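Here are the chains, one letter per residue:
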Amino acid sequence: TPLERNRVGINFNIEEGQAAKIKQINLVGNQSFKEKDLLALFELTTPGWLTWYSKNDQYSRQKLSADLEKLKSYYMNRGFLEFAVDSTQVSISPDKQDVYITINITEGERYQVASVRIAGDLTVPEAELRQLVKLKPGDVFSREKVNDSTKAITDRLGKDGYAFANVNAAPELDKEKHQVAFTIFVDPGKRVYVRRVNVTG
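Residues numbered from 1 in each chain as written. Predicted model: local features only at pLDDT ≥ 70, side-chain atom pairs only at ≥ 80, totals over all residues. Heavy atoms only, no water.

Caption draft 1: Just the nonpolar core, in detail. Formed by 21 residues in total, the largest nonpolar core has its most connected members in Phe-141, Ile-153, Leu-157 and Ile-184. Those elements that place two or more of their residues in this core are β6 (112-120), α5 (143-159) and β8 (179-187). It is β8 that provides the largest number of residues to this core, a total of four residues. Sequence-distant contacts of Leu-157, defined by excluding residues within four places in its chain, comprise Thr-123, Val-124, Tyr-162, Ala-165, Val-167, Val-186 and Pro-188. Within the second largest apolar cluster, 19 residues are counted, among which are Ile-22, Phe-33, Ile-103 and Ile-105. (Core = buried A, V, L, I, M, F, W, Y, C linked by side-chain atoms within 4.5 Å. Buried < 20%, exposed > 50% of the residue type's maximum accessible area, 1.4 Å probe, protein only. Helix = DSSP H or I, 4+ residues; strand = E, 2+ residues; numbered from the N terminus. Contact = heavy atoms within 4.5 Å.)

And the structure:
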């Protein structure tokens with residue numbers, strides 16, 4: 001629509017139509033776990049009793065990304081250190097009513113923990129830090145337990161005033177034996193002191 005001062009107004013007329021529903025979600029490459037058990041982790045799902053309310057049967061790129069991260073965590077917490085999502089394909093039927101999702105994965109081998117070593121500037125006795133490590137030699141690798149271990153050590157250093165400690169776990173893989181050795185590097189940083197305490201109110 002022409003307007004004064006060399007301007008135009010533009011109107012968009014949109015016909016949304018009906019939202020397409022997820023007809024099928026397929027996993028390709030899973031061998032250690034059943035497809036139905038893995039898909040039970042997903043927020044996205046095919047139409048069911050409650051999906052009219054939750055809308056989880058409608059495709060969402062954000063929800064799919066979150067579901068893929070859940071899938072990765074599930075495998076990584078059960079020893080599959082080299083798990084990877086190779087590709088995802090999202091296709092829609094010609095009548096634009098049905099969405100099909102295919103996820104291709106590579107499980108890799110299941111890894112066991114060979115050893116756990118603590119290195120760096122140990123301001124806290126190593127024996128005390130070792131008690132905070134959730135993984136022991138012979139255990140099946142778990143990313144969750146590795147993260148819990150580094151967090152527990154960070155929190156312990158924080159009790160001694162090292163508020164900005166940096167704790168990282170570096171893995172070393174033995175692909176022939178399917179074992180992983182961890183070195184937990186501890187950098188406590190500088191100790192933080194209280195400068196002032198203000199009480200108000």
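Having seen the structure, we can now continue with the description.
Caption draft 2: Fine view of empty space enclosed by the protein. In total, this model carries one cavity of 30 Å³ or more according to the counting rule given. Its volume calculated, the largest cavity comes out at about 50 Å³. Put simply, the parts of the chain that give the lining of the largest cavity at least two residues each are α5 and β8. (1 Å grid on protein atoms, 1.4 Å probe; cavity = no way out; pocket = protein on both sides within 12 Å on 5 of 7 lines; lining within 4 Å. Points joined across faces, edges and corners; volume = space filled by probe spheres on them.)

Caption draft 3: Main features of the sheet that holds β6. Strand order in this open sheet of three strands is β6-β8-β7, and the pairing throughout is mixed. Looking along the sheet, the strands with just one partner apiece sit at the ends: β6 and β7 (166-174). Across the sheet, the mean angle from the axis of one strand to that of its neighbour is 20°, orientation sign disregarded. In the sheet, β7 pairs with β8 via nine bridges, with the strands oriented antiparallel. (Pairing = 2+ DSSP bridges. Axes fitted to C-alpha atoms, helices over the stretch in contact; angles between N-to-C directions.)

Caption draft 4: Examining the packing of aromatic side chains more closely. On inspection of all chains with the given rule, the structure shows seven aromatic pairs. Plain terms: the ring middles of Phe-33 and Phe-80 are 5.9 Å apart, the flat faces sit at 70° to each other, and that makes the pair edge-to-face. In this pair, Phe-33 sits in the loop between β3 (21-28) and α1 (35-39) while Phe-80 sits in the loop between α3 (61-76) and β4 (84-92), placing the two residues 47 residues apart along the sequence. Classification of Phe-80 by relative accessible area gives buried; the value is 3%. Between the aromatic rings of Tyr-75 and Phe-80, the centroid separation amounts to 5.3 Å while the plane-to-plane angle is 75°, which identifies the pairing as edge-to-face. (Phe/Tyr/Trp six-rings, centres within 6.5 Å; stacked < 30°, edge-to-face > 60°.)

Caption draft 5: Quick peek at α3. For α3, built from 16 residues, the straight-helix expectation of 22 Å at 1.5 Å per residue is met to within 8% by its first-to-last C-alpha distance of 22 Å. Looking at α3, one finds that the buried residues are Leu-64, Asp-67, Leu-68, Leu-71, Tyr-74, Tyr-75 and Met-76. Against β3, α1, β4, β5 (98-106) and α5 lie the buried residues of α3. (Expected span 1.5 Å × (residues − 1).)

Caption draft 6: Summary view of the sheet that holds β5. Taking strand neighbours across the sheet as the criterion, the three strands line up as β3-β5-β4 in an open arrangement whose pairing is mixed. Two strands lie at the open edges of the sheet, namely β3 and β4, each paired on one side alone. Each strand axis lies, on average, 15° off the axis of its neighbour in the sheet, ignoring direction. For β4 and β5, the ladder comprises eight bridges, and the chain directions are antiparallel.

Caption draft 7: Structural view of unusual backbone geometry. One non-glycine residue, Lys-96, lies in the positive phi region at around 60°. Mapping Lys-96 onto the fold places it in the loop between β4 and β5.

Caption draft 8: The arrangement of the environment of Lys-96 in detail. In this structure Lys-96 comes out as exposed when scored by relative accessible area, which is 56%. Sequence-wise, Lys-96 and Ala-19 are 77 residues apart; in three dimensions their C-alpha atoms are separated by 8.5 Å.

Caption draft 9: How the structure looks around the side chain of Asn-30. Inspection of the secondary structure assignment puts Asn-30 in the loop between β3 and α1. Accessibility expressed as a relative area gives 18% for Asn-30, which makes it buried. Here Phe-33 takes part through its backbone oxygen, which lies 3.0 Å from a polar atom of the side chain of Asn-30. (Polar contact = N/O pair within 3.5 Å; in protein donor to acceptor, adjacent residues only side chain to side chain.)

Caption draft 10: Up close: α5. If you check α5, its first and last C-alpha atoms are 25 Å apart, about what 17 residues at 1.5 Å a residue would give, namely 24 Å. Listed in full, the buried residues belonging to α5 are Val-146, Ser-149, Thr-150, Ala-152, Ile-153, Arg-156 and Leu-157. Burial along α5 is one-sided: seen end-on, the buried residues are contained in an arc of 155°. Facing away from the buried side of α5 by over 90 degrees, the exposed positions are Lys-151 and Lys-159. On its buried face, α5 is in contact with α4 (126-130), β7 and β8. Just downstream of α5 lies Gly-161, where phi reads positive at about 100°. (Arc of directions from axis to C-beta.)

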